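# Residue-level structure breakdown
Below, each chain spelled out in residue letters.
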Amino acid sequence: MERPSRLLLVSELRVRNSAYDVSLSRSLLTWKRRTSSPVYHPFRPSVCHSVSVSEIISVREEEEENGCKDDGSWKKINEREGKDCRQAFTVLHVERCPQHRWRCAEVSFTCPEAALCQRWVTGIREQLAAIASRPKQLLVYINPYSGKQHGKHIYEQKVAPLFALAGVTTHVIVTEHANYARDHLRTEAELKKFDGVVCVGGDGMFSEIIHGLIWRSQVDGGVDPNCADESLLPSSLRIGIIPAGSTDCICFATVGSNDPVTSALHIIVGDSQPMDVCSVHHNNTFLRYSVSLLGYGFYGDVLTDSERKRWMGPARYDLSGVKMFLTHHYYEGTVSYLPARGIMGTPRDASRCRSGCVICQHNGRLISKKAERYQMDEETDREGEGEWKTIRGKFLAINAASMSCACPRSPKGLSPAAHLADGTTDLILVRKCSRFDFLRHLLRHTSKDDQFDLNFVEVHRVRRFCFTPRHCQSDSDLDLRENGKHQIFGQICRNHPACGCAPAYSSWNCDGEILTHTAIDVRVHSNLIKLFARGIEEPTVFDDLTNPCAI
Ligand SMILES: Nc1ncnc2c1ncn2[C@@H]1O[C@H](COP(=O)(O)OP(=O)(O)OP(=O)(O)O)[C@@H](O)[C@H]1O
Ligand SMILES: CCCCCCCCCCCCC/C=C/[C@@H](O)[C@H](CO)NC(=O)CCCCC
Ligand SMILES: [Ca+2]
């Protein structure tokens, strides 16, 4: 509880015609109803409220209904006398709703005199202006074709008015084609003018934004993105996601809901959530970055099939999901991985990555210390931190989840205990099994049962991994896609009934985009980007203790 000496303003004001003791400190705005009777009244609703200053959106001066507005006579007299007659102000603030949703609520305070009202408005505005983490100028990209193609409407109706209320200025760009946002960020955008980038769309659009920003940071800092062993430079601009796509798993897993208003409020209050990014290379050539799912086999095939059904909108994934489940293809290959050693947490933990996650903070610090040590001693063997393990086999799915990948289809996600910023990815290997068993595994993504507790599934928390497919036609480890033969062999294997074997290749689903190669080298870069989010909030039993009214 804060000491009274820290209070910046204390007044008796009126809220809905009742008298309240209102106080403002650097961290809290509190209003407590004055009671005429000292006797405890069991049926009286709660009379004390507080809102964190960091969650105030803005403050608006109001004109007093009875005096200023009515016939104007009172106002006119005041104006003639050079007095400001505004005696009420409204505070717009974050209100928490079920399912991690935030709303903009408001409370109006009436003051006995205009000068006091002005002191309050100025006092609150000064506190808001002192919050350095709040963005003032944002660069907004809207993909008009995401999800159900409502991106533009969502932004204009739900988000832009909130930014205007909060005094956030924006430069809005509606993309004209795929990779428009990525290329604009890479080459043209004057990033120095902005405090963050907002992406209105789905996971694919978010992927464009991080590709533009990460590329720009490397080029500006002289880092070669093609070198798989290079440590990447973090991007200084935070990214906000206004969900308007088909899966929106990055928004869901970092905020807890896919709600544009909630996301806009997290941006306005200047939240910050660090995130791991995987770089994907093939033969020391950069392919893509991934923050959510890298999936070969089932999820790669679902994506390939669903791309042809884009016109169906989000339902395309359900149809392709059922189709690929029935197709039941498995793929042969070799997975090598570098287990994450000395870190806190395992993929089978019951605890979850939540706002202020201790595991992310601990592991993030540990990994950056290791990186510093490596930079000081160039001779150190980077892979000396652990031993590579190799698994050869036939797999229905190979998934790397760098975060839980929670989404409305699977609220706990592909790897429920994965962390947003712990410097690792969870490598999930689903070996060839019966359709019935695979269905059991898939259905467990939507229930409380553990999807890893099956003898054909294994999961490893890793820092790096490589995959090499085994070919249908030969044992060579060459990736035939490179010289164009894959298409031919792929077709023969898929379509030729006499072949009898599964198709040679699947494709990698990299955050919803198809990779051009199947043999890949994946490395996790801890805390490479930051989002305007705070991780999923969990109400705690201590919440009441932080509320001075409760004590
Ligand atoms: N103006 C545009 N015209 C066509 N495609 C675009 C345009 N702008 C972006 N894209 C591309 O559209 C693709 C899909 O976008 P997005 O991810 O926003 O929606 P989604 O696929 O419906 O959602 P999710 O990725 O969450 O499943 C991305 O690959 C992106 O590069
Ligand atoms: C037959 C019963 C099946 C029930 C299975 C439910 C399992 C759902 C797990 C969902 C995991 C989503 C992982 C997120 C991946 C995103 O990066 C990507 C881009 O948005 N989306 C997809 O690839 C879309 C993937 C859609 C998969 C269905
Ligand atoms: Ca992670």
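Here the structure is a predicted model, which means the values were calculated and not measured. (Residues numbered from 1 in each chain as written. Chains lettered and ligands numbered in written order. Predicted model: local features only at pLDDT ≥ 70, side-chain atom pairs only at ≥ 80, totals over all residues. Heavy atoms only, no water.)

## Considerations on the overall build of the protein
- Helices and strands together make up the secondary structure of the protein, namely 13 helices and 21 strands.
- The buried share among the 551 residues of the protein stands at 52%.
- The contacts in the protein between residues at least 6 apart in sequence include a share of 75% that link residues at least 24 apart.
- When the accessible surface of the protein is split by element, carbon and sulfur atoms take 51% of a total near 26200 Å². (Helix = DSSP H or I, 4+ residues; strand = E, 2+ residues; numbered from the N terminus. Buried < 20%, exposed > 50% of the residue type's maximum accessible area, 1.4 Å probe, protein only. Contact = heavy atoms within 4.5 Å. Areas by Shrake-Rupley, 256 points an atom, 1.4 Å probe, with all protein chains shown as cover.)

## A look at the packing of aromatic side chains
- In total, this model carries 14 aromatic pairs according to the counting rule given.
- A network of ring pairs unites the aromatic residues Tyr296, Tyr331, Phe465, Phe467 and Trp508 as a single cluster.
- Of note, arginine 186 hangs over the ring of tryptophan 215, and the distance from its end group to the ring centre comes to 4.3 Å.
- One residue, arginine 316, lies across the ring of tyrosine 317, its end atom 4.4 Å from the ring centre. (Phe/Tyr/Trp six-rings, centres within 6.5 Å; stacked < 30°, edge-to-face > 60°. Lys NZ or Arg CZ within 6 Å of the ring centre and 35° of its normal.)

## Some details on the UniProt feature "domain: DAGKc" (unreviewed entry) in the protein
- Mapped onto the present numbering, the UniProt feature "domain: DAGKc" (unreviewed entry) falls at residues 133-284.
- For residues 133-284, the end-to-end C-alpha separation is 37 Å, with 39% helix and 22% strand making up the annotated structure. (UniProt positions renumbered as here; feature names shortened; annotations may be inferred.)

## Structural notes on the site of ligand 2
- Taken together, 15 residues lie near ligand 2, and Asp203, Thr247, Ser292, Asn509 and Gly512 sit nearest.
- Taking aspartate 203, its side chain carries an N or O atom lying 2.6 Å from an oxygen atom of ligand 2.
- Contact distances for ligand 2 include 3.2 Å between an oxygen atom and a side-chain N or O atom of threonine 247.
- When isolated, ligand 2 has an accessible area of 700 Å², and the protein chains bury 89% of it.
- Viewed by domain, the shell around ligand 2 spans two of them, domain 2 (133-272 + 532-551) and domain 3 (278-524), each represented by three or more residues. (Near = heavy atom within 4 Å. Polar contact = N/O pair within 3.5 Å; in protein donor to acceptor, adjacent residues only side chain to side chain. Domains from an automatic or database assignment.)

## What about the coordination of the calcium ion (ligand 3)?
- The protein atoms that coordinate the calcium ion (ligand 3) are Asp276 (OD), Ser402 (O), His419 (O), Asp422 (OD) and Thr424 (O), at distances of 2.3 to 2.7 Å.
- The sequence motif formed by the donor residues of the calcium ion (ligand 3) is D-x125-S-x16-H-x2-D-x1-T.
- What makes aspartate 422 buried here is its relative accessible area of 0%.
- Given the relative accessible area of 2%, threonine 424 is considered buried. (Donors = N, O, S within 2.8 Å, 3.2 Å for Na, K, Ca; no water.)

## Points about the site of ligand 1
- Around ligand 1 sit 23 residues in total, of which Ser146, Gly202, Gly204, Glu208 and Ser246 are the nearest.
- Between ligand 1 and tyrosine 317, the relevant distance is 3.2 Å, taken from an oxygen atom to a side-chain nitrogen or oxygen of the residue.
- For ligand 1, whose accessible area on its own is 630 Å², the fraction buried by protein is 89%.
- At the level of elements, helix H6 (203-221) and helix H10 (315-327) are the ones that each hand at least two residues to the shell around ligand 1.
- No other element matches the 4 residues that H6 contributes to the shell around ligand 1.

## Examining the pairing of strand S12 (residues 273-282)
- Burial runs high along S12: 9 of the 10 residues are buried.
- As defined by bridge partners, S12 adjoins strand S21 (residues 520-531) across 8 bridges and the pair is classed as antiparallel. Its bridge partner being in S21, histidine 281 is matched across the sheet by aspartate 521.
- Sheet topology note: the S12/strand S13 (residues 285-290) ladder contains 5 bridges and is antiparallel. If you follow valine 280 over to S13, its bridge partner there is arginine 288.
- Between S12 and S13, which follow one another and run antiparallel, lie 2 residues, and asparagine 283 among them has a positive phi close to 50 degrees. (Pairing = 2+ DSSP bridges.)

## Side note on the pattern of salt bridges
- One pass over the structure, following the stated rule, counts 29 salt bridges.
- As a salt-bridge pair, glutamate 156 and lysine 152 come within 3.6 Å of each other at their nearest N and O atoms. Note that glutamate 156 and lysine 152 are positioned in helix H4 (residues 151-165) at a spacing of 4 residues, about one turn of the helix.
- Here arginine 534 makes a salt bridge to aspartate 271, at a shortest N to O gap of 2.8 Å. Of this pair, arginine 534 sits in the segment after S21 while aspartate 271 sits in the loop between helix H8 (260-268) and S12; the two residues are 263 residues apart in sequence, bridging distant segments of the chain. Taken as a pair, arginine 534 and aspartate 271 share a single burial class, namely buried.
- Overlapping salt bridges bring together Glu55, Arg96, Asp271, Arg534 and Glu537 as one network. (Salt bridge = Lys/Arg side-chain N within 4 Å of Asp/Glu carboxyl O.)

## Considerations on the packing of helix H5 (residues 180-188) against H6
- Two numbers describe how H5 lies on H6: the axes approach to 8 Å, and their chain directions differ by 15 degrees. Taken together, the axis directions place H5 and H6 in an arrangement best described as roughly parallel. Seen from above, H5 lies across H6 with right-handed handedness. Across from Tyr180, Ala181, Arg182, Leu185, Arg186, Thr187 and Glu188 in H5, the residues of H6 making contact are Met205, Glu208, Ile209, His211, Gly212, Leu213, Trp215 and Arg216.
- Each residue belonging to the contact of H5 with H6 can be placed in one class, and the counts come to 7 nonpolar, 3 polar and 5 charged. (Axes fitted to C-alpha atoms, helices over the stretch in contact; angles between N-to-C directions. Parallel < 35°, antiparallel > 145°, perpendicular 65-115°, else oblique. Left-handed = near helix turned anticlockwise from the far one by under 90°. Nonpolar A, V, L, I, M, F, W, Y, C, P; charged D, E, K, R; others polar.)

## Here's the deal with the side chain of threonine 425
- Relative to the helices and strands, threonine 425 resides in strand S17 (residues 425-431).
- If we skip the residues at most four places from it in the chain, threonine 425 touches Cys278, Ala400, Ala401, Ser402, His460, Arg461, Val462, Phe465 and Val524.

## As for the pairing of strand S9 (residues 169-174)
- Sheet analysis places strand S8 (residues 137-142) next to S9, joined by 6 bridges and oriented parallel. Bridge pairing in S9 links tyrosine 141 to isoleucine 173.
- For the crossover from S8 across H4 to S9, the handedness is right-handed. (Right-handed = clockwise from strand over helix to strand, strands pointing away.)

## Details of the nonpolar core
- Counting 67 residues, the largest nonpolar core has Tyr141 and Phe206 as the members making the most contacts within it.
- For tyrosine 141, the contacting residues outside a window of four places in its chain are Ile173, Ala181, His184, Leu185, Ala189, Val197, Val198, Cys199, Val200, Met205 and Ile209.
- Counting 25 residues, the second-largest nonpolar core is a separate cluster that includes Tyr331, Val335, Ile391 and Phe465. (Core = buried A, V, L, I, M, F, W, Y, C linked by side-chain atoms within 4.5 Å.)

## A closer look at the confidence of the model for the protein
- In the predicted model, the protein carries a mean pLDDT of 87, and 83% of its residues have values of at least 70.
- Segment residues 472-498: pLDDT under 50, and 46 contacts once partners within four positions in sequence are set aside and those in other chains are kept. (pLDDT = per-residue confidence, 0-100.)

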